[in-house]
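Now for the letters of each chain:
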Amino acid sequence: MNRRQITVLGECVADAFAEPANTSNELALRVLPGGGPANTAVSLARLGTPARFLARLSGDVFGRLFRAHLQASGVDLSDAVQAAEPSTLAVAELDAQGQAAFSFHAQNTADWQWTPEELARVDLSETACLHTGSLALVRQPGASVVEDFLAAAAPHATISIDPNVRPLLVHPDIYRARLAHWCGLADVLRLSEDDLELLLPGTPPERACDIWHAAGARLVVITRGADGVLASLDGERVQVPAVSTSVADTVGAGDSFTAGLLHHLGARGLLGGRLTELCLDDVAEACRFGTRVAALTCSVVGPNPPWQSQLAKFAAADRA
């Protein structure tokens, strides 16, 4: 399969982090471009995979920040929509371990307003993999349009989905109601152990993998933070340890892991269909690569995935 482009569809969110202010009655916010799908697109491009991002980008101050960030990372925005609505804002509070809890300001914002006409113009003939997920799949009115777009793309491209459950904005029941349908579309389902607990509370990861395989997903990958990764290919399992790193925060780590996984598979010509040539050793190698990408993302503040050159230095230091 010669096609190497990966197309990512979804939101770009302004991630605002609290910083010390001059007086006690002020709150200073440092705003960074984020949003799960945008983070994945940026990470793919920085790793060297041709990455196109399908997004609805506002013309406001945040939207201009998003465009500059995406373009500086090498992301193709030729099919991004210039949206009239405002950008989505997420305010992050970090705990002592660097885990972020978000509050969202997302009512009637640009990300969720997809129309069939906007996506009908997109040519996927050069796309090996279409990745989406997060809020784009559950926020109406655009969610149904995105699902239809995935269904139309599935016969020609590998479909990758990351549910990235945001319970403060969308109730987990809405994700649960659609998940079996998404598995019927998806070849790759990547989610975190927090997502698993929200979607199937109390369910062992291995059992969850079997449930999602039965619904149609061939490859299920569950990231478990410091406990590494569990991957299941048609029921065959492999566990990959996490890479040790100093953690600034974990924002964007799962998104960059997904990018590392897809980049590794795409570079070996394994994307572009139903993963019929994929074996468990390929999965293990791709997961190991993804954990290195995620580790470097955790070592810096905010959703700032590494460039290919940084990853090469990291790998060389790890071998030394």
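Read on for a plain summary of the structure. (Residues numbered from 1 in each chain as written. Predicted model: local features only at pLDDT ≥ 70, side-chain atom pairs only at ≥ 80, totals over all residues. Heavy atoms only, no water.)

Counting residues in each nonpolar core, the largest one holds 49 residues, and the members touching the most others are Leu189 and Trp212. Ignoring anything within four residues of it in the chain, the contact list for leucine 189 reads Ile161, Pro163, Leu179, Cys183, Trp212, Ala217, Leu219, Val220 and Val221. Counting residues in hydrophobic clusters, the runner-up holds 45 residues, among them Ala55, Val188, Leu265 and Ala284. (Core = buried A, V, L, I, M, F, W, Y, C linked by side-chain atoms within 4.5 Å. Buried < 20%, exposed > 50% of the residue type's maximum accessible area, 1.4 Å probe, protein only. Contact = heavy atoms within 4.5 Å.)

Where helix 1 (residues 36–47) contacts helix 8 (residues 253–267), the axes come no closer than 8 Å and their chain directions differ by 45 degrees. With respect to their mutual orientation, helix 1 and helix 8 come out oblique. Every pair of crossing elements has a handedness; the one defined by helix 1 and helix 8 is right-handed. Contacts between helix 1 and helix 8 involve Gly36, Asn39, Thr40, Ser43, Leu44 and Leu47 from the first element and Asp255, Ser256, Thr258, Ala259, Gly260, Leu262 and His263 from the second. Its residues assigned to classes, the contact of helix 1 with helix 8 comprises four nonpolar, eight polar and one charged. (Axes fitted to C-alpha atoms, helices over the stretch in contact; angles between N-to-C directions. Helix = DSSP H or I, 4+ residues; strand = E, 2+ residues; numbered from the N terminus. Parallel < 35°, antiparallel > 145°, perpendicular 65-115°, else oblique. Left-handed = near helix turned anticlockwise from the far one by under 90°. Nonpolar A, V, L, I, M, F, W, Y, C, P; charged D, E, K, R; others polar.)

Further remarks concern unusual backbone geometry. The phi torsion of most residues other than glycine is negative, and most of the peptide bonds are trans. A cis amide bond links glutamine 140 with the next residue in sequence, proline 141, at an omega value of 10 degrees. One can find proline 141 in the loop between strand 9 (127–133) and helix 4 (142–153). The phi dihedral of asparagine 108 falls on the positive side, at around 55 degrees, and the residue is not glycine. Mapped onto the elements, asparagine 108 comes out in the loop between strand 8 (100–105) and helix 3 (116–120). The residue leucine 275 is not glycine, and still its phi comes out positive at about 60 degrees. Along the polypeptide, leucine 275 turns up in the loop between helix 8 and helix 9 (280–298).

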